[in-house]
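Here are the chains, one letter per residue:
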Amino acid sequence: MKTNFSFRYAANPADVKSYDTEKLRNEFLIQKLFTENSVNLVYSMYDRLIVGGAMPVNEKLTLETIPYLKSENFLDRREIGIINVGGPGEIHVDGEVFELDKKEALYIGKGVKDVIFVSKDKSSPALFYINSAPAHEKFPTKKVGKENAEVIQLGDENSANRRVLNKLIVNSIVETNQLQMGLTELLPGNIWNTMPAHTHSRRMEAYFYFDLHEGQTISHFMGEPQETRHIFMQNHDAVLSPEWSIHSGAGTSNYSFIWGMAGENLDYGDMDVCAPNELR
């Protein structure tokens, strides 16, 4: 078993204006989250969110602490949200076993010592997508299946953004310190997500794109509303979105994505919307 980890600094929006394509991708794009029998983690200075992935195939994987945390265990001062985007799997939490099928979520609170990732079928391994944020209070572990989600129908066909938003790890379902997670599914023939675009200066966000058809791509838009940039992304890529940045995308086919947030508050509706014709 191997744990890989890296570090990302936060960027000033005035500096981002001068980034070329390579610099923009190096600062914000996260690739290769899933490698066989490995846990891959990226520690970000945006609200100290950790974005990661675990892909157990023929080994059980343990969530290990990393040097940036200066803690004996990964969750000594943190909470974590996990959503499975692969085959059926299990997560063992201090000896208690939680089964997660595709698009099911698990919240694990501060103070848990042992987290172990397992695939139930090595020919179709589980792919556990991870978001973790600092925590000051301990809340209980809770599984959230799609039947437990708050489901919202958004968009319309005329705007090519008809989608289904599934709130999974949000304060109306799970008690958390600051972490929120959910997934959005674009219906066939629809390509735009999070449009109209918005910012929320009281929290950052990370997007993880999946279920993108082979050979297709997604253009993820970021930056200040009047100073936007774009990053072309592939299946299973993630991207960091600073507090000052929009986070929207358009694909060459439909897809799904996971949104994860951390920061100042748990009010999902706390956002500053920018009309499509106001973007630059």
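So, a few notes on the structure that sits alongside this text. (Residues numbered from 1 in each chain as written. Predicted model: local features only at pLDDT ≥ 70, side-chain atom pairs only at ≥ 80, totals over all residues. Heavy atoms only, no water.)

1. What about the overall build of the protein chain?
Helix and strand content of the protein chain: 2 helices and 24 strands. For a compact globule of 280 residues, the expected C-alpha radius of gyration is about 19 Å, and the protein chain comes in at 18 Å, within 12% of that figure. Seen through its principal axes, the protein chain has C-alpha atoms that stretch 55 × 40 × 35 Å. Taking the contacts inside the protein chain whose residues are at least 6 apart along the sequence as the reference set, 71% of them involve residues at least 24 apart. Of the accessible surface of the protein chain, which amounts to about 11800 Å², a share of 46% is contributed by carbon and sulfur atoms. (Helix = DSSP H or I, 4+ residues; strand = E, 2+ residues; numbered from the N terminus. Rg over C-alpha atoms; globule rule 2.2 N^0.38 Å. Contact = heavy atoms within 4.5 Å. Areas by Shrake-Rupley, 256 points an atom, 1.4 Å probe, with all protein chains shown as cover.)

2. Some words on the environment of N84
Topologically, N84 is positioned in strand β6 (residues 78-84). On the accessibility criterion, N84 (0% relative accessible area) is buried. What N84 contacts, discounting residues up to four positions off in sequence, is G89, L100, D101, K102, K103, E104, A126, L127 and F128. Side-chain polar atoms of N84 contact the backbone oxygen of L100, separated by 2.9 Å. (Buried < 20%, exposed > 50% of the residue type's maximum accessible area, 1.4 Å probe, protein only. Polar contact = N/O pair within 3.5 Å; in protein donor to acceptor, adjacent residues only side chain to side chain.)

3. A short note on the sheet that holds strand β3 (residues 38-44)
Taken together, the 7 strands give an open sheet; going across it, the order is β1-β3-β4-β11-β6-β9-β12, and neighbouring strands pair in mixed fashion. Each having just a single partner strand, β1 (2-8) and β12 (142-144) make up the two edges of the open sheet. Taken over all neighbouring pairs, the strand axes of this sheet differ in orientation by 15 degrees on average, direction set aside. (Pairing = 2+ DSSP bridges. Axes fitted to C-alpha atoms, helices over the stretch in contact; angles between N-to-C directions.)

4. Quick notes on empty space enclosed by the protein
Considering all chains together, one arrives at 1 cavity of 30 Å³ or more under this definition. Approximately 30 Å³ is the volume found for the largest cavity. Looking at the largest cavity, the residues that line it are P13, V16, K17, G223, E224, E227, R229 and W244. For the lining of the largest cavity, the secondary-structure elements that each account for two or more residues are α1 (13-16), β19 (218-224) and β20 (227-233). For the lining of the largest cavity, the residue count by class is 3 nonpolar, 1 polar and 4 charged. (1 Å grid on protein atoms, 1.4 Å probe; cavity = no way out; pocket = protein on both sides within 12 Å on 5 of 7 lines; lining within 4 Å. Points joined across faces, edges and corners; volume = space filled by probe spheres on them. Nonpolar A, V, L, I, M, F, W, Y, C, P; charged D, E, K, R; others polar.)

5. What about the layout of surface pockets?
Volume-wise, the largest pocket comes out at about 310 Å³. Surrounding the largest pocket, 19 residues form its lining, R163, L165, T194, H198 and Y268 being those nearest its centre. Take the lining of the largest pocket: its biggest share by element is 3 residues, from strand β23 (residues 256-263). Considering only residue class, the lining of the largest pocket consists of 12 nonpolar, 5 polar and 2 charged.

6. Details of the side chain of H200
Along the polypeptide, H200 turns up in the loop between β17 (197-199) and β18 (203-210). Here H200 falls in the buried class, since its relative accessible area comes to 2%. There is a polar contact of 2.9 Å between the side chain of H200 and the side chain of E205. In this structure the side chain of H200 is engaged in a polar contact, spanning 3.2 Å, whose partner is the side chain of H247.

7. Let's talk about the environment of Y46
Along the chain, Y46 falls in the loop between β3 and β4 (50-55). Placed 217 residues apart in sequence, Y46 and G263 show a C-alpha to C-alpha distance of 8.6 Å. For Y46, the residues in contact, after removing those within four places along its chain, are Y9, A10, A11, F28, M204, L240, P242 and E243. Within the structure, Y46 has its side chain in polar contact with the backbone nitrogen of A11 (distance 2.8 Å).

8. Brief notes about helix α2 (residues 21-28)
Listing the buried residues of α2 in full gives L24, E27 and F28. Looking down the long axis of α2, one finds its buried residues gathered within 75 degrees of arc, a one-sided arrangement. Close packing links the buried residues of α2 with β1, α1, β2 (29-30), β19, β20 and β21 (238-241). (Arc of directions from axis to C-beta.)

9. Let's talk about the sheet that holds strand β8 (residues 96-100)
Strand order in the open sheet made by the 4 strands is β5-β10-β7-β8, with antiparallel pairing throughout. The two strands at the open ends of the sheet, each matched to only one other strand, are β5 (61-62) and β8. Summarising the sheet, strand β7 (residues 89-93) and β8 pair through 5 bridges and their orientation is antiparallel. Note that in β8 the partner of G89 across the bridge is L100.

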